[in-house]
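Coordinates in review
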Amino acid sequence: EEAAMQSCGYSCSPLNVVDLIVDIMFIIDILINFRTTYVNANDEVVSHPLRIAVHYFKGWFLIDMVAAIPFDLLIYRNGEE
């Protein structure tokens, strides 16, 4: 049974599957934020894609990107676990 557990890799544990789904949801959230309008300082709704992207890059992008990096997968792939 242990040999089977080692051969199936990262996805054997239900907790790892849930963690992978959360990582995917964070990435989808980043993609959605590139298309989500915002209200500027003049109370105007901005819907121009380039302006939305620049606004997102200047704001939450870095925080969202760090949160979306699957560090556990990177560590597992490097064999340090």
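These remarks concern the structure in this document. (Residues numbered from 1 in each chain as written. Predicted model: local features only at pLDDT ≥ 70, side-chain atom pairs only at ≥ 80, totals over all residues. Heavy atoms only, no water.)

**Digging into the overall build of the chain**
What counts here: The helix count covers DSSP runs of H or I at least four residues long, the strand count covers runs of E at least two residues long, and both are numbered beginning at the N terminus. Relative accessible area decides the class of each residue, using a 1.4 Å probe on protein chains only: under 20% of the type maximum gives buried, over 50% gives exposed, and in between gives partly exposed. Contacts between residues were defined by any pair of non-hydrogen atoms, one from each residue, lying within 4.5 Å.
Helices and strands together make up the secondary structure of the chain, namely 5 helices and 2 strands. For the chain, the succession of helices and strands along the chain, N to C, is α-α-β-β-α-α-α. A burial count over the chain gives 15% of its 81 residues as buried. Considering only residue pairs separated by 6 or more positions, the chain has 40% of its internal contacts joining residues 24 or more positions apart.

**Some remarks on a nonpolar patch on the surface**
Inclusion rule: Candidate patch residues must exceed 30% relative accessible area and have no salt bridge, after which like charges are joined if within 9 Å and Val, Leu, Ile, Met, Phe, Trp or Tyr side chains if within 5 Å. Here the accessible surface of atoms and residues is derived via Shrake-Rupley with a 1.4 Å probe, and residues count as covered only by protein chains that are part of the display. When a carboxyl oxygen of Asp or Glu lies within 4 Å of a side-chain nitrogen of Lys or Arg, that pair is called a salt bridge.
On the surface, a nonpolar cluster with roughly 590 Å² of combined accessible area is contributed by Val17, Leu20, Ile21, Ile24, Met25, Ile28 and Ile32. By the element assignment, Ile21 lies in helix α2 (residues 14–33). A relative accessible area of 47% places Ile21 in the partly exposed class.

**Some words on the side chain of Asp64**
Threshold: Positive: Lys, Arg. Negative: Asp, Glu. His and the chain ends are not part of the count.
The residue Asp64 is located in helix α4 (residues 61–68) in this model. Buried Asp64, no salt bridge; nearest opposite-charge side chain is Arg35, N-O distance 15 Å. With sequence-adjacent residues up to four places away left out, Asp64 is seen in contact with Asp29, Ile30, Asn33 and Tyr56.

**Digging into the packing of α2 against α4**
Note the following rule: Every axis in this analysis is a line fitted to C-alpha atoms, fitted for helices over the stretch in contact. Angles between the N-to-C directions lie between 0 and 180 degrees. For classification purposes, angles smaller than 35 degrees are called roughly parallel, those larger than 145 roughly antiparallel, those between 65 and 115 roughly perpendicular, and all remaining angles oblique. Crossing chirality is assigned from the near helix's rotation relative to the far helix, an anticlockwise turn below a right angle marking it left-handed and a clockwise turn marking it right-handed.
At their nearest, the axes of α2 and α4 sit 9 Å apart, and the two run at 160 degrees to each other. The angle between the axes of α2 and α4 places the two elements in the roughly antiparallel class. Crossing geometry of α2 relative to α4 is assigned as left-handed. Seen from α2, the contacting residues are Phe26, Ile27, Asp29, Ile30 and Asn33; seen from α4, they are Phe61, Asp64, Met65, Ala67 and Ala68.

**A look at the packing of aromatic side chains**
For the record, the criterion: Pairing of aromatic rings covers Phe, Tyr and the six-membered ring of Trp, with a centre-to-centre limit of 6.5 Å; geometry is then stacked below 30 degrees between planes, edge-to-face above 60, and tilted otherwise.
As enumerated under the stated definition, the model contains 5 aromatic pairs in all. Measuring from ring centre to ring centre gives 5.6 Å for Tyr56 and Phe61, while their planes differ by 80 degrees; the resulting arrangement is edge-to-face. Given a relative accessible area of 6%, Tyr56 falls into the buried group. A residue is classified by how much of its surface remains accessible, and Phe61, at 17% relative accessible area, is buried. A connected cluster of aromatic rings, assembled from ring pairs, spans Phe34, Tyr56, Phe57 and Phe61.

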